[in-house]
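Each chain is listed here by its residues.
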Amino acid sequence: MPPLILDMDPGVDDALALVWSLAWAECDVCAVMTVSGNVDVDLGTSNALRLLALMGRPDIPVYRGERRPLEGEPIRAAHIHGGTGLGEAQLPSSTGTADSGASAALSDRLRSEPDRYSIVAVGPLTNLATAELNDPGVLAKASEVYVMGGAIHVPGNVTPTGEFNLVSDPRAASIVFESNATIRLVPLDVTRKMRVTQAEMKEGLTDCPAEIRDFLMAATSTPMKIGREKYGYDGMYLHDPLTAMLSVEPMWAEWETFHIQIETQGEFTHGQIVVDERSQPVHQGKPIQVAMDIDRRKLLDAFFQPIRSWRGAKK
Ligand code: BDR
Ligand code: CA
């Protein structure tokens, strides 16, 4: 299985993706890169370092990425993830440090060992696009690039048609999707099927080591509360964990091919995925494999099982 480079903006569900990836035996996380998104990149970097300390993996290098989108102003999501990005959780600070220059580090790795690494990008795509702009063709050196983002046939979550990660930096998304990288997309269509309720979270974490359970319950309480009070549903979506999980086991989803482009200009539609579904031989946009369906119960089991049986850092 290719080593994973996780590019994230932690973020509660980003944190859950990292915890799951570190707990899943087959998964080799070789670097964490942070990017401006849910929270500013300094806070996101500090969260990544704290999470690695919690999971006993301070040896995994963290690279601080871009502070701003390629175009426009950053969008934050403290109203979902809480002011620190990690809900109500209080993690001790880490003594670890991050290197700066995520995009350069990404280029170096991909160039030094082509086709070796998988990238899992669960924040705005600014780091990946910066790497591609500075070093054209480099993203094609990844074995695969898994992207959490966009909405194909469902409404967006920050604009009527746009999803947070792509709307946060449409220009970056467009550069990544137009590169020659092998991309697999995990959009809201499927991540909204990966909702976990508070009761399922409690049950799933039974027998889990106390420090991990306490962290996960405290971190998820904020998005759970928002879901309940603002949107009238019980639980939260595991957008980023699902993306990490599918990067390790693509067979866990049903995939469809869509020809897609990213709208970078639209007044109301910037960051929207435009899908060419016309019945004609030639379509606009690149054909991309998109996850569209999962077996929720099976995937929730696969999410909780390694976390529940986690008993310390993998060797
Ligand atoms: C995405 O937006 C962020 O708030 C989440 O971390 C996830 O990556 C979902 O739209
Ligand atoms: Ca994220």
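Before going into details, it helps to say that this report is about the structure given with it.

Definitions and cut-offs
Residues numbered from 1 in each chain as written. Chains lettered and ligands numbered in written order. Predicted model: local features only at pLDDT ≥ 70, side-chain atom pairs only at ≥ 80, totals over all residues. Heavy atoms only, no water. Near = heavy atom within 4 Å. Polar contact = N/O pair within 3.5 Å; in protein donor to acceptor, adjacent residues only side chain to side chain. Areas by Shrake-Rupley, 256 points an atom, 1.4 Å probe, with all protein chains shown as cover. Helix = DSSP H or I, 4+ residues; strand = E, 2+ residues; numbered from the N terminus. Nonpolar A, V, L, I, M, F, W, Y, C, P; charged D, E, K, R; others polar. Buried < 20%, exposed > 50% of the residue type's maximum accessible area, 1.4 Å probe, protein only. Contact = heavy atoms within 4.5 Å. Donors = N, O, S within 2.8 Å, 3.2 Å for Na, K, Ca; no water. Salt bridge = Lys/Arg side-chain N within 4 Å of Asp/Glu carboxyl O. Pairing = 2+ DSSP bridges. Axes fitted to C-alpha atoms, helices over the stretch in contact; angles between N-to-C directions. Core = buried A, V, L, I, M, F, W, Y, C linked by side-chain atoms within 4.5 Å.

### Remarks on the site of ligand 1
Neighbouring ligand 1 are Asp13, Asp14, Asn38, His81, Val122, Met148, Asn157, Glu163, Phe164, Asn165, His239 and Asp240. Contact between ligand 1 and Val122: an oxygen atom at 3.0 Å from a main-chain N or O atom of the residue. Contact between ligand 1 and Asp240: an oxygen atom at 2.6 Å from a side-chain N or O atom of the residue. Within the complex, the protein chains bury 95% of what would otherwise be the 280 Å² of accessible surface of ligand 1. At the level of elements, helix 1 (12-23), helix 6 (164-168) and helix 11 (239-248) are the ones that each hand at least two residues to the shell around ligand 1. When the residues that make up the shell around ligand 1 are grouped by side-chain class, the tally is 3 nonpolar, 5 polar and 4 charged.

### A closer look at the environment of Asp7
Inspection of the secondary structure assignment puts Asp7 in strand 1 (residues 4-8). With relative accessibility at 0%, the residue Asp7 sits in the buried group. Taking the C-alpha atoms as reference, Asp7 lies 4.7 Å from Ala121; in sequence the two are 114 residues apart. Those residues in contact with Asp7 that lie beyond four places of it in its chain are Met33, Val35, Val120, Ala121, Val122, Gly123, Pro124, Asn127 and Leu128.

### Details of the coordination of the calcium ion (ligand 2)
Protein-derived ligands of the calcium ion (ligand 2) are Asp9 (OD), Asp14 (OD), Asp14 (OD), Val122 (O) and Asp240 (OD), with the metal-ligand distances lying across 2.3 to 2.7 Å. The class of Val122 is buried, set by a relative accessible area of 2%.

### Notes on the pattern of salt bridges
Evaluation of the coordinates by the stated rule reveals 14 salt bridges. Residue Asp42 pairs with Arg64 through a salt bridge whose shortest N-O separation is 3.1 Å. Note that Asp42 is positioned in helix 2 (residues 41-54) and Arg64 in strand 3 (residues 62-64), a separation of 22 residues in sequence. One salt bridge connects Arg278 with Asp276, and the closest N-O pair in it is separated by 2.9 Å. What makes Asp276 buried here is its relative accessible area of 10%. Connected through salt bridges with shared partners, the residues Glu200, Arg296, Arg297 and Asp301 form a single ionic network.

### Regarding the sheet that holds strand 3
Taken together, the 10 strands give an open sheet; going across it, the order is 4-3-2-1-5-6-7-12-10-11, and neighbouring strands pair in mixed fashion. Sheet topology places strand 4 (99-100) and strand 11 (273-275) at the edges, where each strand pairs with a single neighbour. Here strand 10 (residues 253-262) runs beside strand 11; their pairing, made up of 3 bridges, is antiparallel. Bridge pairing links Ile260 to Val275 in strand 11. Taken strand by strand, helix 1 contacts strand 1 and strand 2 (29-34), and its axis lies near 165° from that of strand 1. Contacting strand 2 and strand 3, helix 2 crosses the sheet at an angle of about 175° to strand 3.

### Brief notes about the nonpolar core
Where a protein is soluble and globular, its nonpolar side chains tend to be buried together. Ranked by internal contacts, the top residues of the largest apolar core, which has 66 residues, are Trp20, Val32, Met194, Ile212, Phe215, Phe303 and Ile307. For this core, the leading source of residues is helix 1, giving 9 residues. Ranked by size, the runner-up nonpolar core spans 39 residues in total, among them Ala142, Val147, Leu185 and Ile273.

### A closer look at unusual backbone geometry
With an omega dihedral of -10°, the bond running from Pro10 to Gly11 counts as a cis peptide bond. Tracing the sequence through the fold places Gly11 in the loop between strand 1 and helix 1. A positive phi angle, near 65°, is found at Asp115, a position not held by glycine. Inspection of the secondary structure puts Asp115 in the loop between helix 4 (102-112) and strand 5 (118-121). In this structure Asp115 comes out as exposed when scored by relative accessible area, which is 57%. Even without a glycine there, the phi angle at Asp207 is positive, about 70°. For Asp207, the location among the structural elements is in the loop between helix 9 (198-204) and helix 10 (210-231).

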